[in-house]
Every structure is written in C-alpha cells, then in structure tokens.
Amino acid sequence: MTKAARTHPTRIAVDGGGTALSYAELDAQAAAFADGLRRRGLRRGDRIAVFTPNRAEYFPVLFGLFKGGFVAVPVNAKLHASELGFILENSGARAVVFAEKSSGVVAAALGSSPHTERIIVGRGGPGSFAEIVASGCSAGFADAEVDSDDLAWLFYTSGTTGRPKGAMLSHRNLRASTMNALADMCDFQPEDVVLHVAPLSHGSGLYALPAIARGAKNHVHAGTSFTPTAVLDTIERERVTVIAFLAPTMIHRLVEADSEHRTSTLRRIVYGGAPIDPSLARKAIDRFGSIFVQLYGQGEAPMTITYLRPQDHHGKAMSSTGIVRTDVEVRVVDETGSPVPEGAEGEVCVRGDVVMQGYWNNSEASAEALRGGWLHTGDVGRFEDGRLYLLSRQNDVIISGGSNIYPREVEEALLAHPAVKEACVFGEPDQKWGESVVAAVVTSSTVGAEELMVWCRDTIASFKKPKRIEFVGSLPKNAYGKVLRRQVRDDLTAPGSP
Ligand code: AMP
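Scanning the model with the defined rule gives one cavity of 30 Å³ or more in all. Forming the walls of the largest cavity are His 202, Phe 245, Ala 247, Pro 248, Gly 272, Gly 273, Ala 274, Tyr 480 and Lys 482. Considered class by class, the residues forming the lining of the largest cavity number five nonpolar, three polar and one charged.

This is the structure we're talking about:
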C-alpha cells in the first residue's frame, strides 16, 4: 500500500458511504492511526480486533495495523456477543475497533474486562478512530520493519464445526495469497473499480490486498446486509469492473433480482467459499457473462487452493473446483498420508507459502493440521482430468452399508430438480445400514418426497438417494452464508423432531 500511494497518490483508493480517500490520504490516515496506537502504548505484535461492518474506514484501519506491525483480527460484524467474546479472549486482543451501533455487543462481549481498548469508528470524541488518527503523526512515519514470518492477520475459521480457531497468517502468507490472486483470479489494474459487498473480514478483505497493491479504486458497499437491487444500483452507478468476492448465495440473490440494471462494465466476479449449484452458475453466466472465477480455499490457506477459470465453467468441469493455483502444491492422500492415484478419493492437502503457520494458542490442532509439512484441509476430494472435485468435509461423509456417500453429490442431484431451491444432506443412525441419508430441502413449488426420491434414483446410485426428506422453510447459515450442516442434522434428528 505504501508503494501504491507513491505511484498513484491522487487516484481514489477507497470510497463508499460518503467517504473517499485518495491513495495519499489512505496512506497518511493509516500511518497516523498506527502512530496514534503506538502513542497509546500498543506495541508491534499486539492483536487488534476489527469488528466493523463494511465501510470505507476499514481500509485505513486494516492497512494502519499492517503499517504499525500489529496483528489484525478481522471479525465478522454479524457475530453474536458470545462469539465475539470468545475471539477477543482467545486472541488476547489488546483493542477492538467497532462501529457505534455495535457498542452493546462489544460491551456484552468484553464484560468488565479492562484489558481491551475500545475504538469506535464513524464518530469523533475520546477513544474514537478519528481521535487516534488526529493524535498520530503521519509525517516521517516509518512502516514497522516486519519479518516475512511475523504475524499479520489472525483469521478465525467460520466455525461450522465448533469453536473457531485462529489461523495464524504471516506477511509471507498474505503476500503469497496476493500474488496468487493476481496470477490466477484477477489482474487488478489502476483503472478498475472493485466492489466489496461480502464481509471485508473474510474473502473480500483478502482481495483488497491485490486491488490496493495495483492502485485500483475500491468501492465499499456499506453495511452488513446484502440487498440485491442496491448492489445492482451500485454496480451501474459506480461502473464497477470487478466484484472482489461473492458467496454462492449472493449470486443466487443477484440472479433472482431484476435484469434491468446495466452491468456491462463488469469484467470479473470472484466467488466461492462454498459449493455452487451448476444450474445457478449457468444462470449467472447468462445474466452477467462469462466473467466468473471460482475459488476454493480456506482461512488456513487464505483463499488459495484451486480455481475454476471462466473458460472452464461448462459441462462436467462446472461441478469441480478447478485446477491447482499457480504457486501452490495440492495432493489428495489416504488415511496414512500417502498420495492416492488420480481419480481416487481422499483428504485434500496443500503446501506452499500460502499455508498458515498454525492455529493461535493451539499447538495440538496445529500439529494435527500441518502434519508432514502439508496442510490437511479436512476436505475430501478427488482429482480427475487435473481438476479437483470436492466431495464433502471429512466429518460429513455418510457411511451407509459400508459405502461412502458424499452429501454434495446427493445435494447436487436434488438441486437439479426444478422445484428445489436449497438442499442439505446428512446421515442419521440406522440400525440396519449404520447410517442412512436424510435431506432437508427448501422448495419453490409443491413437490412430494416420493417424487424427489425417484428423481434422485434416476441420477445417482440408488443407495445414495435420501431415505427421508424433510421440507423446511429455510436452512440455517453462518455469518458467511455457509449452511450449518450439523445444526440441520441436530435439529432434524433431535428426539421429537419430525
Ligand atoms: P473458511 O475457512 O471459512 O473459508 O471455510 C473453508 C471451507 O469452505 C473449505 O475447507 C471447504 O470445505 C469450503 N469451501 C471453500 N471454497 C469452496 C468451494 N469453491 N467449493 C466447495 N466448498 C468450498
């Protein structure tokens, strides 16, 4: 960012919600924030949580933390006080940056803890971001001399499988993620207008790094809610060229919204983080063009494992997560850690500069995840024609009558039915088979369970078809829009449930 500010001082670096900062202004504000924090006694290596909904100030905050050598702990602003409290305590955050409307949540999360400083953005006064920036000095500020292995970002996993863990991302990891993004996902240019609508605490924030490195303009769609027509308005008004990151659920809502808006300025939409229904991907391409690139990644290898190029969004390849990213090694291994041949299923493992250092304060989980020098993703997949097909999370595999059934293939079969909008498949104990397949579906028109079972039997092996189908109004999702499979399972298998 410091370099981009020298190269493009007058270009707009970030705008949104009535705030606009040129690269020179962003650099000066970030430096003054870092200096202001130092003057308050915060030191290099201190963890500072950013619990702020998307807003333009996210940029001077995040880059200020990098410049000062602090460790950013971005937290999704939709989290509950108890979830935020866990992350603040687990990370040992010395300060938390938040918007005024989250004051109650932050107060509940912190309780009476006197150790965490509270920094409000969006208004002035004592303890505010504005006051800290005003108290700092950008003239002559020198960026902290960080080592590549120093921590830069604690990336808390989204917690679909229990308590979140803090993936320790170093400056080297972020640089590798940035370079891989430029190589494979989008060659950001100074002329680009990059829209951030997904949480900056996750994928969109990581994509701010290559966008800023290249001097592009970042437009932040403020707030935590996703309103498709407002997003389309923004794309048209701001002449957006790149959408930094969309979850598949967001694509679904954009496609369902009207098609009147002019969106032809768009040249790239990066999406991923969860499986996409191929029929939805096709509709999205019809609406916006062949500009979609899918990423498969995880916080532990920030957004960088495989990618599905726009050219590969057709036919069978569309059910894959694409090919291995340029500067990453990926292999599929069996239970003993030995690579399996192409076509065989196993756990996806990753190696390279992008892989995290381990989990914060959790040496046991770190050793387990990084055994043998490879990141064990916990995802089950197989390579075919050089493309990675993801089957499920390791713990979600259903074993019925001794055969493995991967929820995703059953979900894809269900989603191909015109009446099915969403599907979540899991296993429940079965005396005869060990486990049997259950599906929770959200439908857009009337359809019977029997018809869906026959439909599945026509497209996948009969033993994989659901034995029980429950019709639900919606599926529970986490703050990033990922379906909480275990919650669905617990809700539908609890005593007294249907
Ligand atoms: P997180 O660390 O919260 O981003 O979650 C990462 C997990 O999301 C991965 O381990 C996968 O299980 C899942 N995931 C990420 N990208 C994709 C994708 N393109 N397709 C299917 N699942 C994905």
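Okay, the site of the ligand next. The environment of the ligand is formed by 16 residues, the closest being Gln 294, Gln 298, Gly 299, Asp 379 and Lys 482. A distance of 3.2 Å separates a nitrogen atom of the ligand from a polar backbone atom of Gly 273. Within the side chain of Gln 298, an N or O atom sits 2.8 Å from an oxygen atom of the ligand. Against a free-state accessible area of 500 Å², the protein chains account for coverage of 91% of the ligand. Residue assignment for the shell around the ligand shows that the elements contributing at least two residues are strand E13 (292–298) and strand E19 (387–393).

In this section: the nonpolar core. If you look at the biggest cluster of nonpolar residues, it comprises 114 residues, and the most contacted ones within it are Phe 59 and Leu 246. Among the elements that line this core, the one with the most residues is helix H2 (residues 23–39), at eight residues. Ignoring anything within four residues of it in the chain, the contact list for Phe 59 reads Val 14, Leu 26, Gly 64, His 196, Leu 200, Ala 208, Ile 212, Asn 218 and Val 220.

Let us now look at helix H4 (residues 81–91). Regarding H4, the residues found buried are Ala 81, Leu 84, Gly 85, Ile 87, Leu 88 and Ser 91. Each buried residue of H4 sits inside an arc of 165° when the element is viewed along its axis, so together they form one side. Elements that come into contact with the buried residues of H4 comprise strand E3 (47–51), strand E4 (71–74), strand E5 (95–99), helix H5 (103–110) and strand E7 (151–156). Where H4 ends, the next residue or the one after it, Gly 92, has phi of about 65°, a positive value.

Our next topic: the domain arrangement of the protein. Assigned domains of the protein: these are domain 1 (2–379) and domain 2 (398–493). The centre of domain 1, based on its C-alpha atoms, is set 31 Å off from the matching centre of domain 2. Each partner contributes residues to the interface: domain 1 has 19 residues there, and domain 2 has 12 residues. Interface area for domain 1 against domain 2, summed over the two sides, is near 1500 Å², with a carbon-plus-sulfur share of 56%. For the pair domain 1 and domain 2, the interface holds two residue pairs in polar contact (both at pLDDT 80 or more). For the side of domain 1 that touches domain 2, the class distribution of residues is seven nonpolar, nine polar and three charged.

Another point: the sheet that holds strand E23 (residues 434–443). Overall, mixed pairing links the three strands, which are arranged E22-E23-E24 in an open sheet. A single partner strand is all that each edge strand has here, and the edge strands are strand E22 (420–430) and strand E24 (468–471). Sheet twist, expressed as the mean angle between neighbouring strand axes with direction ignored, is 25°. Here E23 runs beside E24; their pairing, made up of four bridges, is parallel. Its bridge partner being in E24, Val 441 is matched across the sheet by Phe 471. Contacting E22 and E23, helix H13 (residues 407–415) crosses the sheet at an angle of about 140° to E22. Contacts between helix H15 (residues 485–493) and the sheet are confined to E22, E23 and E24, with E22 contributing the most and set at about 65° to the helix.

For the rest of this paragraph, the subject is the packing of aromatic side chains. A full pass over the atoms with the stated rule returns six aromatic pairs. Chaining the aromatic ring pairs together yields one cluster made of Phe 59, Phe 63 and Phe 66. Directly above the aromatic system of Tyr 359 lies the positively charged group of Lys 165, at a separation of 5.0 Å from the ring centroid. Positioned above the aromatic ring of Tyr 307 is the side chain of Arg 325, whose terminal nitrogen or guanidinium carbon lies 5.7 Å from the ring centre.

Once that is clear, we can look at unusual backbone geometry. Look at Met 303: it is not a glycine, yet its phi comes out positive at around 65°. Mapping Met 303 onto the fold places it in strand E14 (residues 301–308). Phi at Asp 385 takes a positive value of approximately 50°, unusual for a residue other than glycine. Along the chain, Asp 385 turns up in the loop between strand E18 (375–384) and E19. Residue Asp 385 is classed as exposed on the basis of its relative accessible area of 62%.

This part is about the pattern of salt bridges. Counted by the stated rule, this structure contains 33 salt bridges. The shortest N-O distance in the salt bridge between Glu 428 and Arg 468 comes to 2.9 Å. Of this pair, Glu 428 sits in strand E22 while Arg 468 sits in strand E24, placing them 40 residues apart in sequence. Ionic pairing is found between Asp 490 and Arg 489, a salt bridge with its closest N-O pair at 3.8 Å. Take Asp 490: its relative accessible area is 45%, and that puts it in the partly exposed class. Take Arg 489: its relative accessible area is 28%, and that puts it in the partly exposed class. Each member of the salt-bridge network shares a partner with another, and the members are Asp 396, Glu 411, Arg 485 and Arg 486.

Our next topic: the layout of surface pockets. The volume enclosed by the second largest pocket comes to roughly 850 Å³. Those elements that place two or more of their residues in the lining of the second largest pocket are helix H1 (2–7), helix H3 (58–68), helix H7 (171–185) and helix H8 (203–213). Sorting elements by how many residues they give to the lining of the second largest pocket places H7 first, with six residues. When grouped by side-chain class, the residues that make up the lining of the second largest pocket number 12 nonpolar, four polar and seven charged.

Glancing now at the sheet that holds strand E9 (residues 193–196). Whenever strands of a sheet pair, they do so through backbone hydrogen bonds, lying parallel or antiparallel. Here we have nine strands laid out as an open sheet, ordered E2-E1-E10-E9-E11-E12-E13-E14-E15, and mixed in their pairing. Pairing within the sheet leaves two strands with one partner each, and these edge strands are strand E2 (19–22) and strand E15 (323–324). Of the pairings in the sheet, the one linking E9 to strand E10 (residues 217–220) comprises four bridges and is parallel in character. Pairing of Val 193 across the sheet is with Lys 217, part of E10.

Parameters at a glance
Residues numbered from 1 in each chain as written. Predicted model: local features only at pLDDT ≥ 70, side-chain atom pairs only at ≥ 80, totals over all residues. Heavy atoms only, no water. 1 Å grid on protein atoms, 1.4 Å probe; cavity = no way out; pocket = protein on both sides within 12 Å on 5 of 7 lines; lining within 4 Å. Points joined across faces, edges and corners; volume = space filled by probe spheres on them. Nonpolar A, V, L, I, M, F, W, Y, C, P; charged D, E, K, R; others polar. Near = heavy atom within 4 Å. Polar contact = N/O pair within 3.5 Å; in protein donor to acceptor, adjacent residues only side chain to side chain. Areas by Shrake-Rupley, 256 points an atom, 1.4 Å probe, with all protein chains shown as cover. Helix = DSSP H or I, 4+ residues; strand = E, 2+ residues; numbered from the N terminus. Core = buried A, V, L, I, M, F, W, Y, C linked by side-chain atoms within 4.5 Å. Buried < 20%, exposed > 50% of the residue type's maximum accessible area, 1.4 Å probe, protein only. Contact = heavy atoms within 4.5 Å. Arc of directions from axis to C-beta. Domains from an automatic or database assignment. Buried area = accessible area lost by both parts, 1.4 Å probe. Pairing = 2+ DSSP bridges. Axes fitted to C-alpha atoms, helices over the stretch in contact; angles between N-to-C directions. Phe/Tyr/Trp six-rings, centres within 6.5 Å; stacked < 30°, edge-to-face > 60°. Lys NZ or Arg CZ within 6 Å of the ring centre and 35° of its normal. Salt bridge = Lys/Arg side-chain N within 4 Å of Asp/Glu carboxyl O.

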